[in-house]
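Fold and geometry: a report
Listed below are the residues making up each chain.
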Amino acid sequence: VVVLGSAGLGQDSKKQRPRYTGVFAGSTDGIIRCSTASQPSKAGLLTSSSLVPLIGLKLLRAEVPSANLLFASKKSGVRHFFELPFCNHVVEHISNPLGSAAVTRLKNSFSQYPLWLGVSDAARWSADGHEVSSDDVVFPFALLLKPTAQLVSISAQHQERFLEALQCIPVGATIFDVFAVASPEEANNVHGGSSSPELIGTVRTTTPFLQSCFGDEQLFFRHQRMEEDLELAPDTWRACLKQNDDVRGGQGENLRNLGAAQLASTMIGQCPLMR
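A brief structural summary. (Residues numbered from 1 in each chain as written. Predicted model: local features only at pLDDT ≥ 70, side-chain atom pairs only at ≥ 80, totals over all residues. Heavy atoms only, no water.)

Some points on the overall build of the protein
On a plain count of helices and strands, the protein comes out with 8 helices and 10 strands. For the protein, with 275 residues in total, the buried portion stands at 50%. Residue pairs in contact within the protein that sit at least 24 positions apart in sequence constitute 71% of those at least 6 positions apart. As presented, the protein carries roughly 13000 Å² of accessible surface, and 51% of it is formed by carbon and sulfur atoms. (Helix = DSSP H or I, 4+ residues; strand = E, 2+ residues; numbered from the N terminus. Buried < 20%, exposed > 50% of the residue type's maximum accessible area, 1.4 Å probe, protein only. Contact = heavy atoms within 4.5 Å. Areas by Shrake-Rupley, 256 points an atom, 1.4 Å probe, with all protein chains shown as cover.)

Overview of unusual backbone geometry
Look at E63: it is not a glycine, yet its phi comes out positive at around 65°. Structurally, the position occupied by E63 is in the loop between β5 (53–59) and β6 (67–72).

A short note on the packing of aromatic side chains
Applying the stated criterion across every chain, the model contains 10 aromatic pairs. Pairing F81 with F162 gives two aromatic rings, centres 4.9 Å apart and planes at 15°, and the pair type is stacked. On the criterion of sequence distance, the pair formed by F81 in the loop between β6 and β7 (86–87) and F162 in helix α3 (residues 162–167) is long-range, its members being 81 residues apart. Owing to a relative accessible area of 8%, F162 belongs among the buried residues under this scheme. Aromatic ring contacts, followed pair by pair, group F81, F82, F86, F162 and F176 into a single cluster. Here the basic side chain of K58 rests over the ring of F221, its NZ or CZ set 5.1 Å away from the ring centre. (Phe/Tyr/Trp six-rings, centres within 6.5 Å; stacked < 30°, edge-to-face > 60°. Lys NZ or Arg CZ within 6 Å of the ring centre and 35° of its normal.)

So, to be careful, I would describe these as geometric facts and stop short of saying anything about function.
In structure tokens form, the structure reads like this:
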């Protein structure tokens, strides 16, 4: 796939420079992986949501490790793979599908914020390998992949047979529009309807989708801990993610003070722009 930064999009109008740094500031080649966190239902037995779609983007950079961005769709499941948009935060308020004990284990072994995924590494180096200083790194709080109408149509025709749907996607097709939300405060505005996610680019295919053992067993996508983003972000971000004992949706009640806990729900269908 190739991610294309559209001309004039994602620009800081006052300073006339890209709003975000690293690969967000320019086009880059990469690899996309589509998978599901749940076993698809058997053919003919689909009665409700059966897939929990996941997307991995590995964006290649010269002379430095690739940038890895991970996304999920609605964690309670969808009827077909590209039914709804994908977000790097999977914290919409539903009954916790993992269970409190599982979330606790994730917190202890991986991150205090296991259902929030960072994106700051993608802003640290450009596609040509140029390193951005820590003081100049700028990255969004959240990213969204919105499937195009063509992709949704192909996906709907195949329902839970998403591997068949992937093989029907033509080379050269634009499959996603890429949107960004700058901060938790902006996420609150998006949820409240006073603002919309910002279009910063597109994703299109340059080769067919393939099934492969290499993709399953040797191609790895790095999960970036949210703590790495918080080290570079304003203190207000950490306040937004402050936890308490409520693990509903994976995080605490404090999130709702800024509307961030509703971000994923907003991004996957409640915002008019996303419909």
